[in-house]
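Residue-level listing of the chains:
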Amino acid sequence: MTADLVVVGSGFFGLTVAERAARELGLKVTVIDRRHHIGGNAYSETEAQTGIEVHRYGAHLFHTSNKKVWDYVNQFTTFTDYVHRVYGVHKGEVFPLPINLGTINQFFRANYTPAEARALIAEQAGELAGTDPENLNDKGIQLIGRPLYEAFIKHYTGKQWQTDPKDLPAGIISRLPVRYTYDNRYFNDTYEGLPTDGYTAWIERMADHPNIDVQLNTDFFDEAQPISKGSVVGNVPVVYTGPVDRYFDYAEGDLSWRTIDFEEEVLDTGDFQGTSVVNYNDADVPFTRIIEPRHFHPERGYQTEKTVIMREFSRFAEKGDEPYYPVNTEADRAKLLAYRDLATSEKDVLFGGRLGTYKYLDMHMAIGSALSMYENRIKPHFTGGAKLE
Ligand code: FDA
């Protein structure tokens, strides 16, 4: 098939563009991915010993308040009524998170009203009032006071960044949410749920169109492959969702990322922790959290002999690691600006998705921005209205 459009990367960004272009415009779209599967980081598969669906690249919870995105994704999957909640272990005790009135009252062994709790936190945050926080530690204390900050934020953040928060810039956090109600729903969005028959089934339905040709195990930079940068750019419009620095051969330097190592274990128990996500907020536990995927789908009636868990260890990514979260230092931002200039002058190549823009994007954001790129830049190009660029 000779393609009208080549999409590099079969994550939610790439597949949304491909689906729209094929279905609405009837274009022939070739999607390539260097991995052996489609779906990018949202890919999930069945763990062989337990039959439980595991999210291969970390827990993925779908949530959005964007009606357009919600209507779009509902064409490909229904959603369960799963509501995400997170708990955290501090000094051997389990607390509800994000910090809410339940957390505060349990932590201070109290029965505060919302107003009393608010006054207490304001008083504790007053310790560094009026000062300009020099680092993340001071900023955290200024936002929620020392006791809660040190119990729930300090060591967890330190583990995420492998760095003492005293050595992290204050700008990493702008706010720390504290709820003065007992609401411990993790997300505040209008719509929330998990794809009823799993992420991979959803993703496969997006790619299931006669005009979409998916080629896996195909790296855009491997010139030995039939579809590669050298053979495609300048001949066919391209939507590129791989790392922007890689596209330009790291000419402006490497952008830095954090990654996660997952330690997966099958256990001979039907239920390890009674919920899907438990954070470990203290420094003496090396991992940040434990995911138990069976709890994402209580409606499925998984077998009760065994369960599977994943411990997560956060660290800075080296070349060859999966890039997960942009570190976004000042140096990174300067490099990104230089890459953006290069990207703008790359004719008929559009950069999108989390790797192509060096931005952490939730799934609904990746899908939303792909829909905008399609409407504003791709569709006009193929219907005589110019754009792309
Ligand atoms: P994505 O990374 O999914 O896809 C890019 C694709 O490009 C990959 O398949 C890659 O192999 C391919 N590629 C790269 N270079 C290539 C090359 N040279 N040649 C060919 N192919 C190439 N969101 C959310 O809403 N709720 C959640 O709970 C979570 N949880 C979460 C946990 C963790 C640990 C991470 C890292 C991320 C999340 N997310 C999330 C975010 C979610 O994963 C994200 O929104 C989507 O992956 C974005 O889709 P993209 O298509 O932009 O990138």
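Residues numbered from 1 in each chain as written. Predicted model: local features only at pLDDT ≥ 70, side-chain atom pairs only at ≥ 80, totals over all residues. Heavy atoms only, no water.

Student: Just to check I follow, could you spell out the sheet that holds strand β13 (residues 289–291) for this structure?
Tutor: Paired through backbone hydrogen bonds, the strands of a sheet run either parallel or antiparallel to each other. The strand order β7-β6-β12-β13-β14-β11-β15 describes an open sheet built from seven strands, whose pairing is mixed. Bordering the open sheet on either side are β7 (93–97) and β15 (325–326), each of which pairs with just one other strand. Bridge count between β13 and strand β14 (residues 307–316): three bridges; the pairing is antiparallel. Across the sheet, residue Ile-290 finds its bridge partner in β14, namely Arg-311. (Pairing = 2+ DSSP bridges. Helix = DSSP H or I, 4+ residues; strand = E, 2+ residues; numbered from the N terminus.)

Student: Sorry, what's going on with the layout of surface pockets here?
Tutor: A probe matching the size of a water molecule, rolled over the atoms, marks out where space remains unfilled. Estimates place the volume of the second largest pocket at around 510 Å³. Residue lining of the second largest pocket: 20 residues in total, with Phe-351, Gly-352, Thr-357, Met-373 and Arg-377 positioned closest to the centre. Looking at the lining of the second largest pocket, the elements that each hand over two or more residues are α10 (330–344), β16 (349–351), α11 (353–357) and α12 (363–382). For the lining of the second largest pocket, the element with the highest residue contribution is α10, accounting for five residues. Across the lining of the second largest pocket, the residue classes break down as ten nonpolar, six polar and four charged. (1 Å grid on protein atoms, 1.4 Å probe; cavity = no way out; pocket = protein on both sides within 12 Å on 5 of 7 lines; lining within 4 Å. Points joined across faces, edges and corners; volume = space filled by probe spheres on them. Nonpolar A, V, L, I, M, F, W, Y, C, P; charged D, E, K, R; others polar.)

Student: It is not clear to me how the sheet that holds strand β10 (residues 238–240) should be interpreted in this structure. Could you clarify?
Tutor: Strand order across the open sheet formed by five strands is β9-β2-β1-β10-β16, with parallel pairing between neighbours. This sheet does not close on itself; its edge strands, each paired only once, are β9 (212–215) and β16. With strand direction ignored, the average angle separating the axes of adjacent strands in the sheet is 20°. Where strand β1 (residues 5–8) and β10 come together, three bridges link them in parallel fashion. Of the residues in β10, the one forming a bridge with Val-6 is Val-238. (Axes fitted to C-alpha atoms, helices over the stretch in contact; angles between N-to-C directions.)

Student: For this particular structure, what's the right way to read the site of the ligand?
Tutor: As a structural note, the neighbourhood of the ligand is formed by 32 residues, with Asp-33, His-60, Leu-61, Leu-361 and Met-363 the closest of them. In the model, a nitrogen atom of the ligand is placed 2.9 Å from a nitrogen or oxygen of the Ala-59 main chain. Starting from 990 Å² of accessible surface for the ligand in isolation, the protein chains cover 97%. When contributions to the shell around the ligand are tallied by element, the ones reaching two or more residues are α1 (12–25), α11 and α12. Broken down by class, the residue content of the shell around the ligand amounts to 17 nonpolar, nine polar and six charged. (Near = heavy atom within 4 Å. Polar contact = N/O pair within 3.5 Å; in protein donor to acceptor, adjacent residues only side chain to side chain. Areas by Shrake-Rupley, 256 points an atom, 1.4 Å probe, with all protein chains shown as cover.)

Student: Can you walk me through the nonpolar core in this structure?
Tutor: When a protein is soluble and globular, its nonpolar side chains tend to lie buried together. The biggest cluster of nonpolar side chains holds 98 residues, and the ones touching the most others in it are Phe-62 and Trp-202. One finds Leu-267, Phe-287, Ile-290 and Ile-309 within the second-largest nonpolar core, a separate group that totals eight residues. (Core = buried A, V, L, I, M, F, W, Y, C linked by side-chain atoms within 4.5 Å. Buried < 20%, exposed > 50% of the residue type's maximum accessible area, 1.4 Å probe, protein only.)

Student: Any chance you could explain the packing of aromatic side chains here in plain terms?
Tutor: The relation between two aromatic rings is expressed through the spacing of the ring centres and the mutual angle of the planes. Tallied over the entire structure, the rule returns 32 aromatic pairs. Between Phe-95 and Phe-152, the ring centres sit 5.1 Å apart and the planes meet at 75°, which makes this aromatic pair edge-to-face. With a gap of 57 residues between them, Phe-95 in strand β7 and Phe-152 in helix α6 (residues 146–161) connect regions that are remote in the sequence. Its relative accessible area of 2% is what places Phe-95 among the buried residues. Relative accessible area serves as the criterion here: at 3%, Phe-152 is assigned to the buried category. Here Tyr-240 and Phe-351 contribute two aromatic rings whose centre-to-centre distance is 5.6 Å and whose plane-to-plane angle is 70°, an arrangement assigned as edge-to-face. Placement of the pair is Tyr-240 in strand β10 and Phe-351 in strand β16, with a sequence separation of 111 residues. A single burial state applies to Tyr-240 and to Phe-351, both of which are buried. One aromatic cluster in this structure is built from Phe-12, Phe-62, Trp-70, Phe-79, Tyr-191, Tyr-199 and Trp-202. In this structure, Arg-311 packs its charged tip against the face of Phe-287, placed 5.9 Å from the ring centre. (Phe/Tyr/Trp six-rings, centres within 6.5 Å; stacked < 30°, edge-to-face > 60°. Lys NZ or Arg CZ within 6 Å of the ring centre and 35° of its normal.)

Scope: geometric values only; no functional claims are made or implied.
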